[in-house]
Amino acid sequence: SPLCRTLNDYLRYYEIRGEDWERQMLIKMSFVGGSKNLYQTFYKYLQPFIYPSSFTVSPLEQIKRLKNNIEKKIGVDDNIKLQSGGIRDIEFSVQALQLINGGKIVEIKSPNTLEAVSLLSKKKLMTDEEKKVFVEAYVLYRRIEHYLQLMNDTQIHTIPEEGETLDKLVHFLNYKSVISFRKKINELK
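Residues numbered from 1 in each chain as written. Predicted model: local features only at pLDDT ≥ 70, side-chain atom pairs only at ≥ 80, totals over all residues. Heavy atoms only, no water.

Q: Please provide a residue-by-residue account of the nonpolar core, values included.
A: In this structure, Val94, Tyr141, Ile144 and Phe181 are the most contacted members of the largest nonpolar core, which totals 25 residues. Ranked by residue count, the leading element in this core is helix H7 (residues 128-152), at eight residues. Discounting residues that sit within four places of it in the chain, Ile144 has contacts with Ile80, Ile159, Leu169, Leu173, Phe181 and Ile185. (Core = buried A, V, L, I, M, F, W, Y, C linked by side-chain atoms within 4.5 Å. Buried < 20%, exposed > 50% of the residue type's maximum accessible area, 1.4 Å probe, protein only. Helix = DSSP H or I, 4+ residues; strand = E, 2+ residues; numbered from the N terminus. Contact = heavy atoms within 4.5 Å.)

Given below as structure tokens:
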């Protein structure tokens, strides 16, 4: 198989064999480099694939199945990405709303999760309370994730049980104690 294919090859792939999980992944698509014109052509062509006006299988069912498969493979205890209410739950919930409604409401399309939350809220597809909870949890979890990855110089999503890294994380996030920090994390689950 060639390393790089033509635009037509990629378009044909999505037209014939595109998977439901790929719709979800393509929501995050954005221009990085190269020909902006080529990107815009590709993006415009894929919009009906990403945001169809109807589905043969519910995006909610597809996302639930994908999430269940991930959770079976990986333990999720204190994993801010995979735990109940964690980064993945927030992103999957936002993407599900975008997939279901994006074919009819163009204004909710954004690869940025926090921006998408605001857009969904403006269109009344998410309540103000849901928006508040999603934003607060997402920002906190991403701050934790970035701090842990900088401290460990590796990709990590698990909050330490104890020790210096946990103490530094709690201090960095301006919590008075590990107990108050853990209480907040449990409230967000």
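Q: Explain the packing of aromatic side chains to me, using residue names and the numbers behind them.
A: Considering all chains together, one arrives at eight aromatic pairs under this definition. Both rings, one in Tyr175 and one in Phe181, keep their centres 5.5 Å apart while their planes meet at 70°; by these two values the pair is edge-to-face. The class for Tyr175 is partly exposed, based on a relative accessible area of 22%. Each residue in the set Tyr10, Tyr13, Tyr14, Phe42 and Phe49 is aromatic and connected to the rest through ring pairs, giving one cluster. Note that Arg23 overlies the ring of Phe49, its terminal NZ or CZ placed 4.5 Å from the centroid. (Phe/Tyr/Trp six-rings, centres within 6.5 Å; stacked < 30°, edge-to-face > 60°. Lys NZ or Arg CZ within 6 Å of the ring centre and 35° of its normal.)

Q: Describe unusual backbone geometry, with residues and values.
A: When glycine is set aside, most residues are seen to have a negative phi, and most peptide bonds are trans. The phi torsion at Lys124 lies on the positive side, around 65°, for a residue other than glycine. Along the polypeptide, Lys124 turns up in the loop between helix H6 (113-122) and H7. Unusually for a residue other than glycine, Asn174 sits at a positive phi of about 65°. One can find Asn174 in the loop between helix H8 (164-172) and helix H9 (178-188).

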